[in-house]
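Inside the fold
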Amino acid sequence: MLFFTGRSVLARAFVEISKNVATKGGPRVNYCKAATALRPKKPKSTRKEAQYFSDAKRVRAVGGKGGDGCVSFLQLWCNERAGPDGGDGGNGGHVVFQASNDVRNFNHVGSVLRAEEGERGNAKDCHGKNAKHAVIKLPIGTIIRNAQGLIVGDLGHADLMFVAARGGAGGKGNRFFTTDKETSPKVCEYGPTGEDISYTIELRSMADIGLIGYPNAGKSTLLNALTRAKPKVAPYAFTTLRPHLGTVQYDDLVQITIADLPGLVPDAHLNKGLGIQFLKHAERCTLLLFVLDASAPEPWTHYEQLMHELRQFGGSLASRPQLVVANKIDMEDSAANFEELQRRLQNPVLGISAKMGQNLGQLLSSIRLGFDRHKARERSTR
C-alpha cells in the first residue's frame, strides 16, 4: 500500500526514487524531475446539470429486417406475357460494436440499438438496396456479456469490431422460383426479421484513481477542487449516485483521470445501499484513494470497514495500490483525530482540506508518484 504525508516524507520518497535504484525484480526508472500538476486554463462549464460517467449499460441490439421479395410479371408491347421479373429484397443491416478512441464512456449509447431495414424488391428484376450497418462506437477496453453473464466479446484494441445482431437476409422474388415446370410462379419470400439479443457492456478500466469513502466524506468536493468536473456538492449523504470523472494534467503531458464514486456503507458486499454496483465501479479503477472524514468520531474505523468490504467483495480489489487522505482537517476536533488516525493505521496519512484547498498540491504529487510506480510495475511484469 502507498501512504504519504507531509513534505518531508514526500521529499525522502522522491530522493529515494531519484537515485535510479531498481527494486528487486523491478525496472530501473530514472525520475529526474518531479512532474507538476497544471492549473486548468479553461473555466468550468456553466451547465447546471453535471455530466455523469456511465461505465456499464444494458443494451438491446436489433438487426434490420430483410426486404420482401416482389411478385411481378413483365409485359412488353410485343409480348404481354414476358415472364416473371420480381426482384429480391435487400439485406437488413447488422448492429456492430466498434472500439474507438473517440469515446470515453457509454453516455451516447441508447438502450435499444436498431439497424436499418432492407428495401423491398421491385419489378423488372430490380433488387432492393442493402441496408447500412449500424456501427456503435465503444471505448477501448469494453467487455461484452450476454444475457447469461458470459463474456462473448472483448474490444481490447482500436477498430476491433463485434457483430452484436445480424440483420435478416432479403426475401426472394418470384423470378427466383422460376423452373422448367413452373414458368409463372406467383410466390415470393418475406424478408426475415433480424436478431434481437440483449447484452451488458462494461468498461474494464474506468479511471486511474478512484475515490473511496463513506457518504459525505468530501469526495465530490475533492474532485471539484482538483479538476474541472462539476459533481453535485451538498451537506448531506448520497449526493453522488453515479460516477463523475475529472482529469488532472501535468507539465510532462501526462493526464490522470480521477473518479468520484458513490459512497460506501457497511455490508455493501451484501448489496446494501448501492452495494455491488458501487464495488463494481471501484473494480474498474487502477488505484484507490481512500477519503476519510477527520471530523467524524473514530475515522480509523471507517478505513477498517472500507477494507473489510473490499475483501468481502473478492478478487484483487483489496490488494490494489492505495493512497489514504484525511479530509476536513480544518474543522474542530480534526487535529486530534488526525494524529490518532496516523497512529492507528501505522502508516503515514496525508491531511487535506478539499474545501479550503489545504495540501492539495502535495496530494497531486502523491497521486502522480503512486501512478508512476504502478506503471513501472506493469512494465516490469510484461
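Here, residues in each chain are numbered from 1, in the same order as that chain's written sequence. Selection of residues for local features in this predicted model requires a pLDDT of at least 70, selection of side-chain atom pairs for listing and counting requires 80 or more, and totals for whole chains, interfaces and linings are taken over all residues. Only hydrogens and water are set aside; all other atoms, that is, all heavy atoms of the structure, feed into the side-chain values.

1. Considering the overall build of the protein
Helix and strand counts for the protein stand at six helices and 16 strands. Within the span of the protein, comprising 382 residues, buried residues form 47% of the whole. Sequence-distant contacts, at least 24 apart, represent 73% of the contacts inside the protein between residues at least 6 apart. All accessible-area figures derive from a Shrake-Rupley calculation using a 1.4 Å probe, and residue coverage is judged against the displayed protein chains alone. With the model as given, the accessible surface of the protein reaches about 20,700 Å², and the carbon-plus-sulfur share is 50%. Counting from the N terminus, the helices are the DSSP runs of H or I reaching at least four residues and the strands are the DSSP runs of E reaching at least two. Throughout, exposure labels follow a simple rule: accessible area from a 1.4 Å probe, protein chains only, divided by the maximum for the residue type, with under 20% read as buried, over 50% as exposed, and the rest as partly exposed. Contacts between residues were defined by any pair of non-hydrogen atoms, one from each residue, lying within 4.5 Å.

2. Describing the environment of Leu287
By the element assignment, Leu287 lies in strand β14 (residues 285-293). Counting along the chain gives 35 residues from Leu287 to Gln322, while the straight-line C-alpha distance between them is 5.9 Å. Those residues in contact with Leu287 that sit more than four places away from it in its chain are Asp208, Ile209, Gly210, Pro321, Gly370, Phe371 and His374.

3. Re the sheet that holds strand β13 (residues 255-260)
Hydrogen bonds between backbone atoms are what pair the strands of a sheet, whose relative direction is either parallel or antiparallel. Pairing is mixed in the open sheet, where six strands are placed in the order β12-β13-β11-β14-β15-β16. Whereas interior strands pair on both sides, the edge strands pair on one side only; in this sheet they are β12 (244-249) and β16 (350-351). Strand pairing is assigned whenever DSSP identifies at least 2 bridges connecting the two strands. Bridge analysis of strand β15 (residues 322-327) against β16 gives two bridges, and the strand direction is parallel. Across the sheet, Ala326 pairs through a bridge with Gly351, a residue of β16. Interaxial angle, 0 to 180 degrees, is taken between N-to-C directions of lines fitted to C-alpha atoms, where a helix line uses only the stretch in contact. The strands touched by helix α2 (residues 219-226) are β11 (207-212), β12, β13 and β14; relative to β13, the strand with the most contacts, the crossing angle is about 155 degrees. Along the sheet face, helix α4 (residues 300-313) touches β11, β14 and β15 and points at about 150 degrees away from the line of β14.

4. Some words on the sheet that holds strand β9 (residues 161-165)
One open sheet accounts for three strands, arranged β6-β4-β9; its pairing is mixed. Both edges of this open sheet fall to β6 (134-139) and β9, since each of them pairs with a single strand only. When the angles between neighbouring strand axes are averaged without regard to direction, this sheet yields 30 degrees. Pairing between strand β4 (residues 95-100) and β9: four bridges, direction antiparallel. Looking at β9, one finds that Phe97 is bridged to Phe162.

5. Here's the deal with the state of the cysteines
Note on disulfides: each one is a pair of cysteine sulfur atoms within 2.5 Å. A full pass over the atoms with the stated rule returns zero disulfides. For Cys126, which is in no disulfide, the shortest distance to another cysteine sulfur is to Cys70 and amounts to 9.1 Å.

6. As for the environment of Val291
Along the chain, Val291 falls in strand β14. With 35 residues separating them in the primary sequence, Val291 and Ala326 have C-alpha atoms 6.1 Å apart. Setting aside anything within four residues of it in sequence, one finds Val291 in contact with Leu211, Ile212, Gly213, Tyr214, Ala217, Lys219, Leu222, Val325 and Asn327.

7. A look at the packing of aromatic side chains
Any two of the Phe, Tyr and Trp rings considered here, Trp counted by its six-membered ring, make a pair once their centres fall within 6.5 Å; the pair's planes then place it as stacked at under 30 degrees, edge-to-face at over 60, or tilted in between. Per the stated rule, a full pass over the model turns up five aromatic pairs. A centroid spacing of 5.8 Å and a plane angle of 85 degrees characterise the contact between Phe162 and Tyr199, whose relative ring orientation is edge-to-face. Separated by 37 residues along the polypeptide, Phe162 in strand β9 and Tyr199 in strand β10 (residues 196-203) bring together distant segments of the chain. Since its relative accessible area comes to 17%, Phe162 is described here as buried. With a relative accessible area of 5%, Tyr199 lands in the buried category. Consider the rings of Phe176 and Phe177, whose centres lie 5.3 Å apart with planes at 90 degrees: the pair is edge-to-face. Judged by its relative accessible area of 26%, Phe177 is partly exposed. Three or more aromatic residues link up through ring pairs in this structure, and these residues are Phe97, Phe162 and Tyr199.

8. What to know about the confidence of the model for the protein
Residue-level confidence of the predictor is what pLDDT reports, using numbers from 0 through 100. Residues with a pLDDT of 70 or more make up 83% of the protein, whose mean pLDDT is 80. Between residues 1-32, whose pLDDT stays under 50, and residues either more than four places distant or in other chains, the model counts 56 contacts.

9. Regarding the nonpolar core
By convention a nonpolar core is built from buried Ala, Val, Leu, Ile, Met, Phe, Trp, Tyr and Cys residues, the set being connected through side-chain atoms within 4.5 Å. Counting residues in each nonpolar core, the largest one holds 48 residues, and the members touching the most others are Phe97 and Phe290. No other element matches α4, which puts five residues into this core. Where each domain starts and ends comes from a domain assignment, either automatic or drawn from a database. Of the residues that make up this core, three or more belong to each of domain 1 (56-203) and domain 2 (205-381). Setting aside its immediate chain neighbours within four residues, Phe97 contacts Val59, Leu113, Ile136, Leu138, Ile144, Leu155, Leu160, Met161, Phe162, Ala164, Tyr199 and Ile201.

10. Focus on the pattern of salt bridges
What counts as a salt bridge is simple: a side-chain nitrogen of Lys or Arg found within 4 Å of a carboxyl oxygen of Asp or Glu. Summed over all chains, the structure comprises 11 salt bridges. For Arg60, the salt bridge identified is with Asp196, shortest N-O distance 2.6 Å. Here Arg60 is found in strand β1 (residues 56-62), whereas its partner Asp196 is found in strand β10, with 136 residues between them in sequence. On the accessibility criterion, Arg60 (32% relative accessible area) is partly exposed. Connected through salt bridges with shared partners, the residues Asp252, Arg368 and Asp372 form a single ionic network.

11. As for the side chain of Asn146
Locating Asn146 in the fold gives a position in the loop between β7 (142-145) and β8 (151-155). On the basis of relative accessible area, Asn146 is assigned to the buried category, the value being 17%. Whenever two N or O atoms come within 3.5 Å, that pair is a polar contact, provided that in protein one can donate a hydrogen and the other can accept it, and provided that, for residues adjacent in sequence, both atoms are side-chain atoms. At a separation of 3.2 Å, a polar atom in the side chain of Asn146 contacts the main-chain amide nitrogen of Gln148. Residues within four places of Asn146 in sequence aside, it is in contact with Val152, Ser198 and Tyr199.

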